[in-house]
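Structure at a glance
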Amino acid sequence: MNFLKLKKNFNSTLKDTPESRLVVADAPETVALLPSMTPFVKPRLLVKEKDKVSIGTPLFEDKRSVSLRYLSPGAGEVIKVKLGPRRVIEEIVIAIDPDEAMDQHLLNVISQAASTSQATSTSRAASTSRPASTSRPVSVSQPSSTSRPASTSRAASISRAASTSQPASTSGGSGAKEGAPTHDNLSPQNIHEIMLAAGMWQMIRQFPFMDTARHGQAKDEAGEPEFLKFPMIIVSLRPGDMFSPLPSTVLKGREEDFFQGLAILGKLSPMVVVAAPSDQMPHLKKIERSITHVVGDKWPCGDPGVILYQIKKDSSQNRSATIHPQDLLALGAFFGRGLYDLHRIYAVGGRCGDRPCHIRARLGSPLSLVTGPLPRDHGVVTGSIFTGRHALPQSHMGFGEYSAVVVDGGQREHAFGFLVPGETLMSESLTFLSSMNQDPLHFDMNLHGEERACINCGVCHHKCPVDLLPQFLMKALGAGEMEEALGMGLLDCTLCGLCSCVCPSKIELTQIMGQAKEIYLNENIENPV
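Description of the structure in this document. (Residues numbered from 1 in each chain as written. Predicted model: local features only at pLDDT ≥ 70, side-chain atom pairs only at ≥ 80, totals over all residues. Heavy atoms only, no water.)

1. With respect to the overall build of the protein chain
Regarding its fold elements, the protein chain presents 13 helices and 22 strands. A buried classification covers 54% of the 529 residues belonging to the protein chain. For the protein chain, the proportion of contacts with a sequence separation of at least 24, taken over those separated by at least 6, is 71%. Carbon and sulfur atoms make up 52% of the accessible area of the protein chain, which amounts to about 23500 Å² in all. (Helix = DSSP H or I, 4+ residues; strand = E, 2+ residues; numbered from the N terminus. Buried < 20%, exposed > 50% of the residue type's maximum accessible area, 1.4 Å probe, protein only. Contact = heavy atoms within 4.5 Å. Areas by Shrake-Rupley, 256 points an atom, 1.4 Å probe, with all protein chains shown as cover.)

Okay, structure coming up:
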C-alpha cells in the first residue's frame, strides 16, 4: 500500500459537512435527466412530452456517437422537456407511474450479461487452478457480505431480469463461491458492448478531459482485432471535496458489488488503482487489501486527476480513466447480481438544519427531496462546492452529482467591509484574521469583493495541486495562444477549483481553463466510442 502526500490543498475547515448517518428518502414523484449538465455531450432528444417510457428507455443520445444513449431512471410519462437559451435541452422530466416496468431491451441486456458471466462458473468450480490476473488488486481471501441496502422506491421489485440465467449470490474477490459469476468468459469487447447497451459506459471518464471514455481497436501479434485497454483505471473512494459522500457510508453492505466491479475493471485495464482517504481507513477493513494507495483527507487529495499526476510514469498514461465509486458499485451489481441499480447515496451538507447526512434516493430525484425545505435566501450547490452547479430549488440531481450543499445565497454588502477584520470570513491567505482561526467556518455564495485585474500574487500557483501557473495560463488563453497554454500544462489541470477559490482578484481561473480544454477537445475530437 502506497501513501501519497500532497502539500498543496485546501486548509480551511468548513462547518456542517455530512455526517455518516444514512437516511432513506421517500419515493420520488418525478425523476429527470439533465443533458445540459452532462459534460461535453451534444444531446439529440429521443422522446417528446406525453410519451410513455419504461425504466431503461433511451431519452437522448450523444450526437458525437449515437451508440451513447442515456436511459430513463424511471417509468411513466414525460411531462416536461425544458429548453433553455438557444434550445439547449436542460431537463427531461418523467412522472413516475405506480406500477413501473423495465424496457424489454434492457431486460435482454441484463440477461445477456448474466448468462455470459455465468458461462464458465461450473467449469471453474471443478478446476484447481486459474490464470493469474495482474490487473486485479483483489485478495483471494476477501470476506463476503450478505447484507444489502434496502429498496426505497416502487422500482425495487424490478431488481433482476426475468431470465432463467440469473446469477447466484457472489462472494468478494477472486475466491468466488461455486456457482458465482467469475467474468472469465467476458472479454473487454463484450463488457464494452454490454455497458453501452445498458447506458453504463458513460460512467467511465477518461483523462485529460474527463469526457466519456473512448475505446479503439488495435491489432495483436497475429493480426487479429484486439480491444485497446486503458493504461490505468483510478478508483478514488472519495473523489470529491469535504461535502462528498463518505466511503464508509457508500460501501457499507456493498462489499461484494465492490469486488465484482473491480473484477470488471480488471478486464479493461492492466492496472487498477484504488485510493482511499487516510481518515476513512479504520472504516474500510473489509476492503483494505484491495486498496492500493492512501491519500490525504483534504481536498483535492482524492481528485483522480491529482492522483494520476502523482503516480503516472510516462505520457502514455495520460489516457487513463476513472470511475466514481458509486458507479463502480452499480457496475458490480449489474454484472454480479443482475441488478440494475437505480439508486445512489447523496451527501447533504451546509445550512440545511438537522440534515447534514447521507440520503439514499433514486437517480435523478428532485433536489427538494434530497435537501428538504430551504431557508430563505439560501441556495444549493450540487456537485463540488468549488466547481459545482448553482441549482434551482425545482431542479433535479444531475449526472455525476452526488452532493448537495445548502449555502447562504444572499448577496449582501457589508458597510465599511474594508475595515472588518474578518474573523469568520473564510480565507486561504492572510487577507482576513480568519487565516489564523482554526474553528470551522461557513461557506457562502458571496464574492466578498469584485473582480479585478490579475496582480501576479502567485497565490493560485501555491495552491495548484499539479504545479501549474494558472495566472500565466489565463493570460496565454486570453491572448489566444493555445499552443503556449498547452506547453504550460493546460491538459494537466484537474479543474479542482482551488485557484478560483483563493484568487484575491476574484478571477474565475477554473472556468477559463475548463472552457479552453473543452474548445481544444471539440477542435481535435475523434470518434469517442
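2. Notes on the sheet that holds strand 10 (residues 204-206)
Strand order in the open sheet formed by seven strands is 1-16-15-14-17-10-11, with mixed pairing between adjacent strands. Each edge of the sheet is formed by a strand with only one pairing partner; in this case those strands are strand 1 (2-3) and strand 11 (211-212). Of the strand pairs in this sheet, strand 10 and strand 17 (residues 321-323) are connected by three bridges, and their pairing is antiparallel. Looking at strand 17, one finds that Gln206 is bridged to Ala321. Running at roughly 140 degrees to strand 15 (residues 272-277), helix 5 (residues 255-268) makes contact with strand 10, strand 14 (233-236), strand 15 and strand 17 of the sheet. In this fold helix 7 (residues 325-337) packs onto strand 14 and strand 17, with an angle of close to 80 degrees to the strand it touches most, strand 17. (Pairing = 2+ DSSP bridges. Axes fitted to C-alpha atoms, helices over the stretch in contact; angles between N-to-C directions.)

3. Focus on the pairing of strand 9 (residues 89-96)
Looking down a regular strand, the side chains alternate between one sheet face and the other. Extensive coverage of strand 9 is indicated by the burial of six of its eight residues. When strand 3 (residues 30-33) meets strand 9, the two strands line up antiparallel, connected through four bridges. Within the sheet, the bridge partner assigned to Leu33 lies in strand 9 and is Ile92. Of the pairings in the sheet, the one linking strand 8 (residues 76-83) to strand 9 comprises seven bridges and is antiparallel in character. Following the sheet pairing, Lys80 is matched in strand 9 by Val93. Between strand 8 and strand 9, which pair antiparallel one after the other, the connecting turn spans five residues, and Arg86 there sits at a positive phi close to 60 degrees.

4. Notes on unusual backbone geometry
Of note, the amide linkage connecting Phe207 to Pro208 takes the cis form, showing an omega dihedral of 0 degrees. On the secondary structure map, Pro208 appears in the loop between strand 10 and strand 11. A cis amide bond links Trp299 with the next residue in sequence, Pro300, at an omega value of 5 degrees. In this fold, Pro300 is placed in the loop between strand 16 (293-295) and helix 6 (304-311). Phi at Asp377 is positive, roughly 65 degrees, even though this residue is not glycine. On the secondary structure map, Asp377 appears in the loop between helix 8 (367-371) and strand 20 (378-382).

5. Some points on the packing of aromatic side chains
Under the definition given, this model contains 10 aromatic pairs. Judged by centre distance (5.8 Å) and plane angle (65 degrees), the ring pair of Phe258 and Phe259 falls under edge-to-face. Phe259 matches Phe258 in its accessibility class, with the two residues each being buried. Ring geometry for Tyr346 against Tyr402: centres 6.5 Å apart, planes inclined by 25 degrees, an arrangement best described as stacked. Here Tyr346, found in strand 18 (residues 343-350), pairs with Tyr402, found in the loop between strand 21 (389-391) and strand 22 (403-408); they are 56 residues apart in sequence, far enough to count as distant. Across this residue pair, the class does not change: Tyr346 and Tyr402 are buried. Among the aromatic residues, those joined into a cluster by ring pairs are Phe10, Trp299 and Phe386. (Phe/Tyr/Trp six-rings, centres within 6.5 Å; stacked < 30°, edge-to-face > 60°.)

6. A word on the sheet that holds strand 8
With antiparallel pairing, four strands are arranged side by side in an open sheet as 3-9-8-5. Taken across any chain shown, the strands that pair with only one partner, and hence form the sheet edges, are strand 3 and strand 5 (52-53).

7. A closer look at the side chain of His293
Take His293: it is sitting in strand 16. For His293, a relative accessible area of 6% puts it in the buried group. Only 3.3 Å separates the side chain of His293 from the side chain of Asn2, close enough to count as a polar contact. One polar contact links His293 to Thr292, side chain to side chain, over a distance of 2.8 Å. The contacts of His293, once residues within four sequence positions are left out, are Met1, Asn2, Leu4, Val273, Val274, Ala275, Ala276 and Ile311. (Polar contact = N/O pair within 3.5 Å; in protein donor to acceptor, adjacent residues only side chain to side chain.)

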